[in-house]
Amino acid sequence: ELTEEVIDTSQDCLQPDLKRRKSRLETYALDNLKMRGTLSEDDEIWALVETADSSVYRVGQGEYLGLYHGRIAKVTPKYIEILELIPDGSGCWAERPSSLELSGQ
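Cut-offs and rules
- Residues numbered from 1 in each chain as written.
- Predicted model: local features only at pLDDT ≥ 70, side-chain atom pairs only at ≥ 80, totals over all residues.
- Heavy atoms only, no water.
- Salt bridge = Lys/Arg side-chain N within 4 Å of Asp/Glu carboxyl O.
- Buried < 20%, exposed > 50% of the residue type's maximum accessible area, 1.4 Å probe, protein only.
- Pairing = 2+ DSSP bridges.
- Helix = DSSP H or I, 4+ residues; strand = E, 2+ residues; numbered from the N terminus.

Asker: For this particular structure, what's the right way to read the pattern of salt bridges?
Answerer: Pairs may arise between side chains of opposite charge once their charged atoms sit close together. Taken as a whole and assessed by the stated rule, the structure comprises three salt bridges. Here Glu 26 makes a salt bridge to Arg 20, at a shortest N to O gap of 2.9 Å. In terms of burial, Glu 26 and Arg 20 fall into one category: buried. Note that Glu 84 is salt-bridged to Arg 96, the shortest N-O span being 2.8 Å.

Asker: Would you mind going over the pairing of strand β6 (residues 79-87) with me for this structure?
Answerer: Along a regular strand, successive side chains alternate from one face of the sheet to the other. Examined bridge by bridge, strand β5 (residues 70-75) and β6 share four bridges and lie antiparallel to one another. Within β6, the position partnered with Arg 71 by the bridge is Leu 83. What sits between the antiparallel neighbours β5 and β6 is a turn of three residues. The pairing of β6 with strand β7 (residues 93-101) spans nine bridges and is antiparallel. Pairing of Ile 82 across the sheet is with Ser 98, part of β7. What sits between the antiparallel neighbours β6 and β7 is a turn of five residues, in which Gly 89 has the positive phi angle 95°.

Have a look at this one:
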């Protein structure tokens, strides 16, 4: 059962946008996602991400994945750079860098 996150918007600090519509990949922990490859067109590059149930999604910079409001900061042929937002205990949130590396199997 999902619990609703409570955010104190009166504080002027880093906070996730809870009004934003969440993507399908935000229902998976990063541990349950695998980077399978990339697609590119002109100077844009997308990552192919596989979920635990073997679905594959194309994601790009600025899109979200993972359980902690993880925004894709950069896609490279070898990894996806992700910035997650973690509650810091004071009602604000802190950015935590994370990544998904290209996996063979």
